[in-house]
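Close look at the chain arrangement
This is what each chain is made of:
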Amino acid sequence: MSAQIISGTELAASIRETIATRAAELTTLGHKPGLAVVLVGDDPASRVYVRNKVSACEKAGFKSVMYEMPENTSQDALVGLVQQLNADPSIHGILVQLPLPKHLDSHVVIETISAAKDVDGFHISNAGLLMTGKPLFRPCTPYGVMKMLELTGIELRGAEAVVIGASNIVGKPQAMLLLQQGATVTLCNSKTKDLKSHCQRADILVVAVGRPNMITGDMIKPGAVVIDVGINRVDGKLCGDVDFDSAKEVAGWITPVPGGVGPMTITMLLQNTIEAVERSL
Ligand code: NAD
């Protein structure tokens, strides 16, 4: 048996078309969606991520402004820029690319972003709203995973969902979103004993750790839906946290890396920005 592929690239392209149409309508009404992206320092990976986000915004017809600040930027200067963007009516979404240089307190910076413009969904009040089942902005990666499951027609009610990795930006919000759709959720972390037995119970397995090929076919329940969030580089090639070749022989559905969750993440950033505009009207 070979699993069916869930193509993030294809799903993202179709969602982006809808987003671009809505952006054009909003622009005609005088409300062009605006996203500000702030990059501090010279981290090459962050620079690539930021460029991709800005380019996706432009293609969708958004106003997109990139602020580049030097590595030695002070906390006050960064907080000042965020406050200025909070007050700018042409900016509906603000994203500060993480990680920040070590001398900056990312918690303080994220809390300075207006919760109504926090399109990454990392602000503590957005995390709280998500936890209480009334999300305003859903963090983009788990939101993208939920969209993939929805568009593929995967039944979540009553399903055993296992999420591996419990970060604030992926694993924890992912678990909450699955729970809200009626799945029975297990959230695994680095201290989990017998990870394999948890995985083997999963109808839906979401892996977000950052360890190349850690989940192999023998750990997967036959027919399961396997969503690989991991992005790793091995010998210059991108790979996920799931050993695709062995997993696809057992799973029912599987996402590839690249071309799986990655394109959905940026798409949901656009989606969150559109939602921010609509809420502001
Ligand atoms: P993180 O380092 O913040 O968190 C990793 C989590 O994995 C932690 O909760 C840790 O406890 C858990 N973990 C570590 N070893 C484990 C083990 N052996 N068994 C079970 N759990 C274990 O990472 P993150 O920011 O959540 O990102 C995870 C991965 O997802 C990375 O590869 C990252 O690049 C990728 N990512 C991809 C996208 C995308 O758009 N596709 C977006 C965000 C993150």
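Predicted model, so just to flag it, every value in this text is computed and none were measured.

Quick notes on the overall build of the chain
Helix and strand counts for the chain come out as ten helices and eleven strands. Projected onto the principal axes, the alpha-carbon positions of the chain cover approximately 55 × 40 × 40 Å. Out of the 281 residues belonging to the chain, those deemed buried represent 49%. If you take every contact in the chain between residues at least 6 apart in sequence, the share linking residues at least 24 apart comes to 69%. When the accessible area of the chain is evaluated, it comes to approximately 12,800 Å², of which 55% is carbon and sulfur surface.

Focus on the nonpolar core
Ranked by size, the top nonpolar core spans 50 residues in total, and within it Phe62, Leu149, Leu178, Ile204, Val206, Ile227 and Val229 carry the most contacts. Element by element, the count of residues in this core is highest for helix α10 (residues 261-280), at nine residues. Formed jointly, this core draws a minimum of three residues from each of two domains, domain 1 (31-115) and domain 2 (139-261). Not counting the four nearest positions on each side in its chain, isoleucine 227 is found in contact with Ile6, Val145, Leu149, Leu205, Val206, Val207, Thr255 and Val261. With 20 residues, the next largest nonpolar core counts Ala3, Ile220, Ala224 and Ala251 among its residues.

Digging into the sheet that holds strand β4 (residues 93-96)
With parallel pairing, the three strands of this open sheet are ordered in space as β3-β2-β4. Both edges of this open sheet fall to β3 (63-69) and β4, since each of them pairs with a single strand only. Mean inter-strand twist for the sheet, computed between neighbouring axes without regard to direction, equals 15 degrees. Inspection of the sheet shows strand β2 (residues 34-40) paired to β4 by four bridges, in the parallel sense. From the neighbouring strand, valine 38 faces β4, where its bridge partner is valine 96.

Regarding the site of the ligand
Contacts to the ligand come from 21 residues, most closely from Ala166, Ser167, Val229, Ile231 and Thr265. Between the ligand and the protein, one listed contact pairs an oxygen atom with a side-chain N or O atom of serine 167 at 2.5 Å. Taking 870 Å² as the accessible area of the ligand by itself, protein coverage stands at 71%. Element by element, the count of residues in the shell around the ligand is highest for α10, at three residues. Of the residues that constitute the shell around the ligand, the class distribution is eleven nonpolar, nine polar and one charged.

Some thoughts on the UniProt feature "domain: Tetrahydrofolate dehydrogenase/cyclohydrolase NAD(P)-binding" (unreviewed entry) in the chain
The feature "domain: Tetrahydrofolate dehydrogenase/cyclohydrolase NAD(P)-binding" (unreviewed entry), as given by UniProt, occupies residues 139-280 in the numbering adopted here. Taken end to end, residues 139-280 has its terminal C-alpha atoms 19 Å apart, with 38% of it in helix and 18% in strand.

Some remarks on the pattern of salt bridges
If you walk through the whole model with that rule in mind, you get eleven salt bridges. A cluster of three or more residues bridged by salt bridges with shared partners is formed by Arg22, Glu25 and Glu278.

Regarding unusual backbone geometry
Here the bond from leucine 98 into proline 99 is cis, since omega is 0 degrees, no more than 30 degrees from zero. Structurally, proline 99 is set in the loop between β4 and α4 (106-112). Cis geometry marks the peptide bond from valine 257 to proline 258, where omega comes out at 0 degrees. By the element assignment, proline 258 lies in the loop between β11 (253-254) and α10.

Let's talk about the domain arrangement of the chain
Assigned domains within the chain: domain 1 (31-115) and domain 2 (139-261). Placing the centre of domain 1 and that of domain 2 at their C-alpha centroids yields a distance of 29 Å.

Here we look at the packing of aromatic side chains
Under the counting rule described, the total for this entry stands at zero aromatic pairs. One Lys or Arg, arginine 138, reaches over the ring of tyrosine 143 and ends 5.1 Å from the middle of that ring. The lysine or arginine in question, arginine 279, covers the ring of phenylalanine 137, its NZ or CZ lying 4.7 Å from the ring centre.

Calculation rules
Residues numbered from 1 in each chain as written. Predicted model: local features only at pLDDT ≥ 70, side-chain atom pairs only at ≥ 80, totals over all residues. Heavy atoms only, no water. Helix = DSSP H or I, 4+ residues; strand = E, 2+ residues; numbered from the N terminus. Buried < 20%, exposed > 50% of the residue type's maximum accessible area, 1.4 Å probe, protein only. Contact = heavy atoms within 4.5 Å. Areas by Shrake-Rupley, 256 points an atom, 1.4 Å probe, with all protein chains shown as cover. Core = buried A, V, L, I, M, F, W, Y, C linked by side-chain atoms within 4.5 Å. Domains from an automatic or database assignment. Pairing = 2+ DSSP bridges. Axes fitted to C-alpha atoms, helices over the stretch in contact; angles between N-to-C directions. Near = heavy atom within 4 Å. Polar contact = N/O pair within 3.5 Å; in protein donor to acceptor, adjacent residues only side chain to side chain. Nonpolar A, V, L, I, M, F, W, Y, C, P; charged D, E, K, R; others polar. UniProt positions renumbered as here; feature names shortened; annotations may be inferred. Salt bridge = Lys/Arg side-chain N within 4 Å of Asp/Glu carboxyl O. Phe/Tyr/Trp six-rings, centres within 6.5 Å; stacked < 30°, edge-to-face > 60°. Lys NZ or Arg CZ within 6 Å of the ring centre and 35° of its normal.

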